[in-house]
Amino acid sequence: MTMKLVYFARVREALGRDSEDIDFPANVRSVSEALDWLATQSPNHAEAFADRSKLRFALNQRMVKADAAISGASEFAIFPPVTGG
Amino acid sequence: MIRVSIQEVAFDIAAECAALERTGVGALATFTGIVRGDDGVTAIELEHYPGMTEASLVSICEAAKTRWALAGCTIIHRIGRMETGEPIVLVITASPHRTAALEACAFLIDRLKTDAPFWKKEYRGDAVNWVEAKASDAARADSWG
């Protein structure tokens, strides 16, 4: 199933794009497994996702932890810790 | 009454307060965040996650309404580029009593800092860098339990 990946702030700039459509392999089940797989796709992805402590995630626009299952989500966002206010 | 707005234009604090005064409550508390010019910052730029940001602000307001007797709350957050000294965020709470209004207002801005998907860039003249999240902000948000 195709999932829409969306990127914000430093992650968006590191990847040079604000979104991409991804078909994850069936063995990719969690957010952290998805990051491992994405990091193999290009040097930019590897660098953008190297420091997991600087990343936060949302599935279908709800914040989740790295161990959350991605199945059923249509939108998967990856971004730095938030800094509004 | 919950009102949230993400907007580029400046907000009108008096008009926003007047809207909540019409709920007939005894207390309004307001917080205004302003772009600080310390450390050589000349401007900032705010990015957000359209859709999720609005939903997260509504969710923060709903959480406040379960904890305090609120007749209403308003959160307005600006996006785009703002110069030093410009207002960036407005939080208003309306309650029959001051304690609830003041506490809920503090809760809302603390939670907004850690839960709402906004990202801030700082400009120092031509130099630009992303602002890092502060551990102290996370600690303040966590202190509400």
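Residues numbered from 1 in each chain as written. Chains lettered and ligands numbered in written order. Predicted model: local features only at pLDDT ≥ 70, side-chain atom pairs only at ≥ 80, totals over all residues.

Under an unreviewed UniProt entry, chain B has the name Molybdopterin synthase catalytic subunit and belongs to Sphingorhabdus pulchriflava. One UniProt comment on chain B, placed under Subunit (unreviewed entry), says "Heterotetramer of 2 MoaD subunits and 2 MoaE subunits. Also stable as homodimer. The enzyme changes between these two forms during catalysis." (UniProt positions renumbered as here; feature names shortened; annotations may be inferred.)

Per an unreviewed UniProt entry, chain A goes by Molybdopterin synthase sulfur carrier subunit and derives from Sphingorhabdus pulchriflava. Per UniProt, chain A carries the Sequence similarities (unreviewed entry) text "Belongs to the MoaD family."

Novice: Explain the overall build of chain A to me, please; I cannot follow it from the model alone.
Specialist: Of the regular secondary structure elements, chain A holds three helices and five strands. Listed by position from the N terminus, the elements making up chain A come as β-α-β-α-α-β-β-β. In terms of overall dimensions, chain A is globule-like: its C-alpha atoms have a radius of gyration of 12 Å, near the 12 Å expected for 85 residues. Reported as C-alpha extents along the three principal axes, the dimensions of chain A are approximately 35 × 30 × 20 Å. (Helix = DSSP H or I, 4+ residues; strand = E, 2+ residues; numbered from the N terminus. Rg over C-alpha atoms; globule rule 2.2 N^0.38 Å.)

Novice: Would you mind going over the interface of chain A and chain B with me for this structure?
Specialist: Many analyses report the size of an interface as the accessible area lost when the parts associate. Taken together, the contact between chain A and chain B spans 13 residues of the former and 21 residues of the latter. Elements that contribute at least two residues to the side of chain A that touches chain B include exactly helix 1 (9–15) and strand 5 (75–79) of chain A. Along the lines of polarity and charge, the residues of the side of chain A that touches chain B split into eight nonpolar, four polar and one charged. (Contact = placed C-beta atoms within 7 Å. Nonpolar A, V, L, I, M, F, W, Y, C, P; charged D, E, K, R; others polar.)

Novice: I keep staring at the environment of P87 of chain B and nothing clicks. Help me out?
Specialist: All names here are of chain B. Mapped onto the elements of the fold, P87 is located in strand 6 (residues 87–95). Once the C-alpha coordinates of P87 and G72 are considered, the two residues, 15 residues apart in sequence, prove to be 21 Å apart. With near-sequence residues (within four places) excluded, P87 lies in contact with A10, F11, T32 and I34.

Novice: What am I meant to see in the sheet that holds strand 1 (residues 2–7) of chain B here?
Specialist: Pairing between sheet strands relies on hydrogen bonds along the backbone, with the strands arranged either parallel or antiparallel. Residue and element names in this part refer to chain B. Judged by pairing direction, the sheet is mixed, and its four strands sit side by side in the order 1-4-6-2 without closing on themselves. Among the strands making up the open sheet, the edge pair consists of strand 1 and strand 2 (27–34). Strand-to-strand twist across the sheet, computed as the mean angle between neighbouring axes with direction ignored, equals 5°. Summarising the sheet, strand 2 and strand 6 pair through eight bridges and their orientation is antiparallel. Its bridge partner being in strand 6, T30 is matched across the sheet by I92. Where helix 2 (residues 52–67) meets the sheet, it contacts strand 1 and strand 4 (72–78), and its direction lies at approximately 150° from that of strand 1. (Pairing = 2+ DSSP bridges. Axes fitted to C-alpha atoms, helices over the stretch in contact; angles between N-to-C directions.)

Novice: For this particular structure, what's the right way to read the nonpolar core?
Specialist: As a rule of thumb, nonpolar side chains are buried together in soluble globular proteins. With 53 residues, the main nonpolar core has A77 of chain A together with A104 and L108 of chain B as its most contacted residues. In terms of residues, this core owes the most to one element, helix 3 (residues 98–115) of chain B, which gives eight residues. Setting aside residues up to four positions removed in sequence, L108 of chain B forms contacts with I60, C61, A64, C73, I75, V91 and T93 of chain B. (Core = buried A, V, L, I, M, F, W, Y, C linked by C-beta atoms within 7 Å. Buried ≥ 20, exposed ≤ 12 C-beta atoms within 10 Å, placed from the backbone.)

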